[in-house]
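Understanding the architecture of this molecule
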Amino acid sequence: MTSVLEATAEAEHDPVKAPPPGGVAVLRAPDPADAASWAAEQRTTVLRALAEHGAVLLRGLAVTTPEAVEAVSRALGVDPVQERERFAGRRSYRPGVQGSSEWPPDEPMCMHHELSYAAEVPALAVFGCLIAPREGGATAVADAQEVLSALPAGLVARFAREGWQLTRTYREVGVAWTEAFGTDDPGQVAEYCAASGIEHAWLDDGALRTRQRRSAVSDHPVSGRPLWFNQIAFLNELTLDPMIREYLTDVYGADSLPFTTAHGDGTPISAEVIATINQAYGGATRREPWQAGDVLLVDNIRMAHSREEYRGEREIVVILGNPTRLAGHVMDLN
């Protein structure tokens, strides 16, 4: 694996340079006595590196608790958001401070942007490693600018024109609607959906079904550069294990899977398109193995991220922050 660039924050020149192919930019802290104080002092340097590279790993902070990760995040000026519409369960440490998505350790989690299907998306994701796995488990990243450039022009043109649709059915499989929306009041769900451009319906068995249409290509709110910003591939039914997909289809029907995506006009997305998108992500993937005490900052709009399969205990704290509304992101379903 290609090694990453590492530099001390005390260097007179820019401490973070462009990482080599396959690597992630790393800013090494000089073993600070207090991680939050170091983050506050180096805030300008850290945010400049984040703006340049899209993701930056802070190594040497030695964070050991969710509170320490939260303190670093706060020192960097991150405004935490309360997650809605989550697709997987998370451990909650405190409001705005969560564990990583609950996902089988032997199954990789494909590239995605957190909540790219929401009306208001987190512009920043902070990951703090309390326990590094014995093997694997990297939180890899992929630049959505690079992904967009790698995709076939015809594929991009259609999704840019039509956007994409996400349909979810909340049952006992996956995340319950009460957990996803943070309430057990159907009225509050209705209000949220109405305000977020989401069509919702309650099925006869009490399940909740939602449908929304979002842009697939967005301009970065700061740089203005176009990005492949969506979860078209990750939330498509073809990402489910074939046996699980067949079982759920037999039990609930083809139109009641926990989630699936479609073209903006509602037509199904082919396996070839999903494979092409994932291939583009693969070519853009950058990774650096976790070390206990690391903090990874990711521009959630510019960079997709994944979680690789792993062995051994792994504990990652996640803070989503800086809520942002992207122009033209919410599209009419009609």
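See the structure shown above.
Description of the structure in this document.

**Quick look at a negative patch on the surface**
The grouping of D106, E107, E135, D241 and E309 at the surface amounts to a negative patch. Topologically, E107 is positioned in the loop between β4 (97–99) and β5 (109–112).

**Regarding the pairing of strand β10 (residues 198–202)**
In the sheet, β10 pairs with strand β11 (residues 208–214) via five bridges, with the strands oriented antiparallel. If you follow A201 over to β11, its bridge partner there is R209.

**Considering the sheet that holds strand β8 (residues 141–143)**
Taken in spatial order, the four strands make up an open sheet running β5-β17-β8-β15, and their pairing is antiparallel. Here the strands that pair on one side only, and so sit at the sheet edges, are β5 and β15 (285–286). Taken together, the three bridges between β8 and strand β17 (residues 303–307) define a ladder with antiparallel strand orientation. Looking across to β17, one finds that A142 is bridged to A304.

**Looking at the sheet that holds strand β16 (residues 295–299)**
Across the sheet, which stays open at both edges, the seven strands sit in the order β1-β2-β16-β6-β19-β4-β3 with mixed pairing between neighbours. Each edge of the open sheet carries a strand with a single partner, namely β1 (26–28) and β3 (92–94). Ignoring strand direction, the axes of neighbouring strands in this sheet form an average angle of 25°. Two elements, β3 and β4, share two bridges in a ladder whose sense is antiparallel. Counted as the bridge partner of R94 is V97 from β4. Helix α2 (residues 43–53) rests against β1, β2 (55–59), β6 (121–131) and β16 of the sheet, and its axis sits at about 140° to β2.

**Comments concerning the nonpolar core**
Note that soluble globular proteins tend to have their nonpolar side chains buried in a common cluster. Counting 49 residues, the largest nonpolar core has F159, W228 and I232 as its most contacted members. With six residues, helix α9 (residues 271–284) is the largest single contributor of residues to this core. With 26 residues, the next largest nonpolar core counts V56, L61, A75 and L76 among its residues.

**Re the pattern of salt bridges**
For the structure on display, the rule yields 18 salt bridges. D143 is the salt-bridge partner of R302, the closest N and O atoms lying 3.0 Å from each other. Pair noted here: R302 is in the loop between β16 and β17 and D143 is in strand β8, with a separation of 159 residues, a long-range link. Exposure class is identical for R302 and D143. Each is buried.

**Notes on the side chain of R307**
Looking at where R307 falls in the secondary structure, it is placed in strand β17. It turns out R307 is buried and unbridged, and the closest side chain with the opposite charge, D106, is 6.6 Å from it. Only 2.5 Å separates the side chain of R307 from the backbone oxygen of E107, close enough to count as a polar contact. Contacts of R307, omitting those with residues within four sequence positions, involve W103, P104, P105, E107, P108, M109, G137, A138 and R314.

Calculation criteria
- Residues numbered from 1 in each chain as written.
- Predicted model: local features only at pLDDT ≥ 70, side-chain atom pairs only at ≥ 80, totals over all residues.
- Heavy atoms only, no water.
- Patch = residues over 30% accessible without salt bridge, like charges linked within 9 Å, V, L, I, M, F, W, Y side chains within 5 Å.
- Areas by Shrake-Rupley, 256 points an atom, 1.4 Å probe, with all protein chains shown as cover.
- Salt bridge = Lys/Arg side-chain N within 4 Å of Asp/Glu carboxyl O.
- Lys, Arg positive; Asp, Glu negative; His and termini not counted.
- Charge placed at Lys NZ, Arg CZ, Asp CG, Glu CD.
- Helix = DSSP H or I, 4+ residues; strand = E, 2+ residues; numbered from the N terminus.
- Pairing = 2+ DSSP bridges.
- Axes fitted to C-alpha atoms, helices over the stretch in contact; angles between N-to-C directions.
- Contact = heavy atoms within 4.5 Å.
- Core = buried A, V, L, I, M, F, W, Y, C linked by side-chain atoms within 4.5 Å.
- Buried < 20%, exposed > 50% of the residue type's maximum accessible area, 1.4 Å probe, protein only.
- Polar contact = N/O pair within 3.5 Å; in protein donor to acceptor, adjacent residues only side chain to side chain.

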